[in-house]
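Listed below, chain by chain, are the residues.
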Amino acid sequence: MTLVDSSFDLAGRPDLLAALTHRPLPRFADAATACADRPTVTHPHAPGLDIVGQDALVPLVGGGEIAYANLDHAASAPALRVVHEAVERSIAGYASVHRGAGWHSKLSTALYEGAREPVRAFVGGRADDTVIFTRNTTDSLNLLAHSIPRRTTVVVFESEHHAALLPWERQDGIDGRTVVRLPVPALPELAVGAVDDALRRRAPGPALVVITGASNVTGELWPVAELARVAKARGARIALDAAQLAPHRRFSIAELGVDYVAVSGHKLYAPYGAGVLVGRSDWLDAAPPYLIGGGATATVSETGTVYKTGPERHEAGSPNVAGAVALATACHALATSDATAREQAEAALTDTIRAGLAAIDGVSVHTLFSGAADSIGVVTFTVAGVPASIVAAALSAEHGIGVRDGAFCAHPLVRRLLGAAGCSDGTGPGQAVRVSVGLGSTTEHAERLIAAVAEIAAHGPRVEYVVVDGRPVPADDDRPLPALAPWL
Ligand SMILES: Cc1ncc(COP(=O)(O)O)c(C=O)c1O
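These numbers come from a predicted model, not from an experiment.

S.K.: Lay out the confidence of the model for the protein in plain terms, naming residues and giving numbers.
M.R.: Of the residues in the protein, 88% reach a pLDDT of 70 or more, and the chain-wide mean stands at 89. Confidence over residues 1–42 falls short of pLDDT 50; this stretch has 85 contacts with residues more than four positions distant or in other chains.

Structure (structure tokens):
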């Protein structure tokens, strides 16, 4: 993995810099910011990357409160404080983008269009790459699937998140497009040979290799640079699903030789509804618009419609300015912080969690590649005799720890990791518990998790659970949700 410092130089854009950093903040509405108003804890290894709601208290079943231990960053990460503040500032001048003559339209358009550059810089994009704002990684990869040329062969491992595994299937068999699904290799190195072989055997025509940077189930890294090299040698392109990689590691798609990258803002401390696809413009400019409507069109007449090229071709309709500002601000903040210190702190925390869980009787920690691969802060485990959903419910209700349980939208991978034993009815993929660390994670969170899992493995949960809407909840639970909105 190539590490780079490609921080976007805001100095060349005084207008954006002023809009993003110098304006006084409007006052927030009390109810909507009950957590945001609490003082933040500064991350010891990432000054300036404070998290909104970092020291929020959560209620425990049976009474009392405890500081929330958010160990579910891989699902969605909380907002960076600088992101939240940038959005608040931009909303104060919000107006229509691209189509208004007013001052606020000018400001909103500059913020929206200018947001492409910090995002491009963050992923190390080439100067001529197209930067298209989407809703999330799923949307980005569906857009790319929609844009692949006729006769393209798509090569993908079955261990991918469903967002990277499935969008190509809609095109399979249409206009000569073909999807080749490869089984999960035993070692990351074997992935390279498998891709090379699949590309060598393909029918003539373009090809696209789709690969995740880091597994959302085990956190393990895939050999992206080597796969890109093989793809290039075989005349193929490569798309990187960086939904999990981007929040944890710096990379440059230009240096890696990657053609497309997809990222979600909500996993990158920018939960305001924007994601991005960055990559080569030719396929995207030649494809039919992803959405049809205003903004994507150059001219419309009785005789026909001419669509624009560039990002606007695929961004029809009024865009998500707040989402783009949030994503760009997060990219800029992460790009200008000390990535090495963050990675070292995360690695230490992850090692503590992995070793602590693995040492507990009855707990199995699951890895794809025999535990040898480099990984981000994601650890997946099961507890013998206790369903994953009960473990997760007890961690939350009894210990104030947020994790995720299930098959993590990666059913083939989880089926392979857990085998038949992990599957209660013999058909599903099985269920596990996933712990994922991020900027707000602390040693106390890790220690609390290990002690709680040890207790659950040895004695089971403290209270009784019943299933409501398919999820276990404490049978006797009198904790009301805080009234953050009129409908709660
Ligand atoms: C590796 C990976 N790819 C893609 C996605 C889909 O991301 P989103 O739900 O933001 O579209 C996820 C979400 O968990 C993921 O972990």
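S.K.: Outline the site of the ligand, listing residues and values.
M.R.: Near the ligand, the surroundings consist of 13 residues, among which Thr 138, Asp 241, Ser 264, His 266 and Lys 267 are the closest. Contact distances for the ligand include 2.5 Å between a nitrogen atom and a side-chain N or O atom of Asp 241. His 266 is positioned such that a nitrogen or oxygen atom in its side chain is 2.6 Å from an oxygen atom of the ligand. A breakdown of the residues in the shell around the ligand according to their chemical character gives two nonpolar, nine polar and two charged.

S.K.: Give a detailed account of the sheet that holds strand β5 (residues 153–157), specifying residues and quantitative values.
M.R.: Spatial ordering of the open sheet is given by β4-β10-β9-β8-β7-β5-β6, a layout of seven strands whose pairing is mixed. The open sheet has two edge strands with one neighbour each: β4 (130–134) and β6 (178–182). When strand polarity is set aside, the average angle formed by the axes of neighbouring strands in this sheet is 20°. Note that strand β8 (residues 237–241) and strand β9 (residues 260–264) share three bridges and pair parallel. When the bridges of β9 are listed, Leu 240 appears paired with Val 261. Against the sheet, helix α7 (residues 188–201) engages β5, β6 and β7 (207–212), with an angle of about 160° to β5.

Reading the values: rules and limits
Residues numbered from 1 in each chain as written. Predicted model: local features only at pLDDT ≥ 70, side-chain atom pairs only at ≥ 80, totals over all residues. Heavy atoms only, no water. pLDDT = per-residue confidence, 0-100. Contact = heavy atoms within 4.5 Å. Near = heavy atom within 4 Å. Polar contact = N/O pair within 3.5 Å; in protein donor to acceptor, adjacent residues only side chain to side chain. Nonpolar A, V, L, I, M, F, W, Y, C, P; charged D, E, K, R; others polar. Pairing = 2+ DSSP bridges. Helix = DSSP H or I, 4+ residues; strand = E, 2+ residues; numbered from the N terminus. Axes fitted to C-alpha atoms, helices over the stretch in contact; angles between N-to-C directions.

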